[in-house]
Amino acid sequence: MGSVAGMRNLIKVMSFSLLTIAAFAGYSNFGIPVIKPALPPVEEQLDLESMTMDQFIALGERVFNGKGTCTLCHSAVGGRAPLLDTIATTAKERLADERYQGEADTAEAYLFESMVKPSAYVVSGFGKAGTNDTESPMPDVAGGGIGMSDAETKAVIAYLQNLAGEEVTVEIPIDGGDMASSAESESETVADSDAKPVILEDPEAIIVKHACGACHKVADQVGALGPDLTQIGANRDEAYLRRAILDPNADIPEGFQPNIMPNTYGEQLYAKELEVLVTYLAGLK
Ligand code: HEC
Ligand code: HEC
């Protein structure tokens, strides 16, 4: 690399990927992405008062796979976070562990605490780099980036308890019926192929939509699994940034692991959105 021929080749490859993305853009958002980042939440009246426990568990599952962005990290691919299939059972062992720093006294309380204060217990080997497993890279799910309501958090606990075959101990909160959830609207967006695609032009909205802030410090979000992007433009140019988003394993910055950042953004971002994002990141100095 560095030679003129090398540069030409790189440019060819880059413009080819842009064309491919442009060609895909018309279809991509109607496909089923492997990892579904949160869509912007749509206000929805959830009638918790007339919900059965089965419906509440199903709500938890939708939040887990959608708005909560849990599967971005807790999935079989990449191994960026522990799997949660049996966590409702394992929770009791966590409470008895001498490394446990929190205040929970039941499995249910442990699950709640894990979501809003992840550093109360850090699963060994999964801590933030350089902290010797004392700090968790998981974001507070009630915080700005994800913004789960109390009712949504409880629904996820019900889902996890049911998934592990444990008794569901959470109660459906009947005073929190007014909450935002993207769960219903999300399935509509995917199914309704007549819907006009919404192409975002605000870089921060694109970052929220694709949950970049779950892993990166960027646009007022404080993710810690990937590099801090708040000054990324100081030493990375647009070509590098574009490649970093489309093909995350192409360059691995020192101190970080491959296979953690999803490699599906090429299918999920519209060409226009990708360019807005690249220009924005290149300008952060
Ligand atoms: C940006 C990546 C990321 C996202 C998003 C994320 N987590 Fe985590 N989570 C982790 C990591 C890494 C750990 C292990 C470190 C620790 O114990 O905090 C973890 C730990 C946990 C634990 C404790 C596991 C144990 O074995 O004790 C629970 C429970 C949990 N997450 C639930 C969730 C739920 C529910 C969501 C979605 C609402 C979620 N997480 C979203 C990265 C993430
Ligand atoms: C599940 C966690 C995760 C998510 C979500 C994520 N990233 Fe990353 N990102 C990483 C990790 C880890 C690295 C470092 C390793 C690598 O390059 O693959 C990285 C690297 C990068 C880099 C290169 C930084 C450098 O200095 O080389 C850029 C740029 C970037 N991400 C942008 C984004 C954008 C934009 C989004 C949202 C569209 C996003 N990331 C979503 C984890 C994530």
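Please read these numbers as outputs of a predicted model, since none were measured by experiment.

S.K.: Mind showing me how you'd approach the coordination of the iron atom of ligand 1 here?
M.R.: Ideal geometry at a metal gives 109.5 degrees between four tetrahedral donors and either 90 or 180 degrees between six octahedral ones. Within the first shell, the iron atom of ligand 1 binds the protein through His74 (NE2) and Met138 (SD), at distances of 2.0 to 2.2 Å. One way to put it: the 6 donor atoms around the iron atom of ligand 1 meet at angles of 89 to 179°, and that makes the site octahedral. Within this pair, whereas histidine 74 is found in the loop between helix 3 (70–73) and helix 4 (87–96), its partner methionine 138 is found in the loop between helix 5 (107–116) and helix 6 (150–163), the two being separated by 64 residues in sequence. Classification of histidine 74 as buried rests on a relative accessible area of 16%. We classify methionine 138 as partly exposed; its relative accessible area is 29%.

S.K.: Could you clarify how one ought to interpret the confidence of the model for the chain in this entry?
M.R.: Here the chain averages 82 in pLDDT, while 76% of its residues score no lower than 70. Here helix 7 (residues 183–191) is the element of the chain with the lowest mean pLDDT, 42, and helix 5 is the one with the highest, 97. Across residues 18–38, where pLDDT falls below 50, the model places 43 contacts with residues more than four positions away in sequence or in other chains. Throughout residues 177–193 the model reports pLDDT below 50, and contacts reaching past four residues in sequence, or to other chains, amount to 44 contacts.

S.K.: What's the story with the site of ligand 1 in this structure? I'm lost.
M.R.: The local shell around ligand 1 holds 29 residues, among which Cys70, Cys73, His74, Tyr110 and Met138 are the closest. Contacts to ligand 1 include tyrosine 110, whose side-chain N or O atom sits 2.5 Å from an oxygen atom. At a separation of 2.8 Å, an oxygen atom of ligand 1 approaches a polar backbone atom of valine 123. It is helix 5 that provides the largest number of residues to the shell around ligand 1, a total of 3 residues. Across the shell around ligand 1, the residue classes break down as 22 nonpolar, 5 polar and 2 charged.

S.K.: Just checking my understanding: could you explain the pattern of salt bridges for this structure?
M.R.: Here the idea is simple: oppositely charged side chains can pair when their charged atoms come close. Considering all chains together, one arrives at 9 salt bridges under this definition. Between lysine 209 and glutamate 273 there is a salt bridge, with its nearest N and O atoms 3.9 Å apart. On the criterion of sequence distance, the pair formed by lysine 209 in helix 8 (residues 203–209) and glutamate 273 in helix 11 (residues 271–282) is long-range, its members being 64 residues apart. Pair check on accessibility: lysine 209 and glutamate 273 agree, each one buried. Between arginine 243 and aspartate 251 there is a salt bridge, with the nearest N and O atoms lying 3.1 Å from each other. Residue arginine 243 is classed as partly exposed on the basis of its relative accessible area, which comes to 22%. Classification of aspartate 251 by relative accessible area gives partly exposed; the value is 29%.

S.K.: It is not clear to me how the packing of helix 5 against helix 6 should be interpreted in this structure. Could you clarify?
M.R.: A pair of packed helices can be characterised by two numbers: the angle between their axes and the separation between those axes. One can describe the packing of helix 5 onto helix 6 by two numbers: an axis separation of 10 Å at closest approach and a directional angle of 125°. What the angle tells us is that helix 5 and helix 6 run oblique. Relative to helix 6, the crossing made by helix 5 is right-handed. Residues Glu108, Leu111, Phe112 and Met115 of helix 5 form the contact with helix 6, whose participating residues are Asp150, Thr153, Val156, Ile157 and Gln161.

Reading guide: rules and limits
Residues numbered from 1 in each chain as written. Chains lettered and ligands numbered in written order. Predicted model: local features only at pLDDT ≥ 70, side-chain atom pairs only at ≥ 80, totals over all residues. Heavy atoms only, no water. Donors = N, O, S within 2.8 Å, 3.2 Å for Na, K, Ca; no water. Tetrahedral: all angles 85-135°; square planar, octahedral: opposite > 155°, others 65-115°. Helix = DSSP H or I, 4+ residues; strand = E, 2+ residues; numbered from the N terminus. Buried < 20%, exposed > 50% of the residue type's maximum accessible area, 1.4 Å probe, protein only. pLDDT = per-residue confidence, 0-100. Contact = heavy atoms within 4.5 Å. Near = heavy atom within 4 Å. Polar contact = N/O pair within 3.5 Å; in protein donor to acceptor, adjacent residues only side chain to side chain. Nonpolar A, V, L, I, M, F, W, Y, C, P; charged D, E, K, R; others polar. Salt bridge = Lys/Arg side-chain N within 4 Å of Asp/Glu carboxyl O. Axes fitted to C-alpha atoms, helices over the stretch in contact; angles between N-to-C directions. Parallel < 35°, antiparallel > 145°, perpendicular 65-115°, else oblique. Left-handed = near helix turned anticlockwise from the far one by under 90°.

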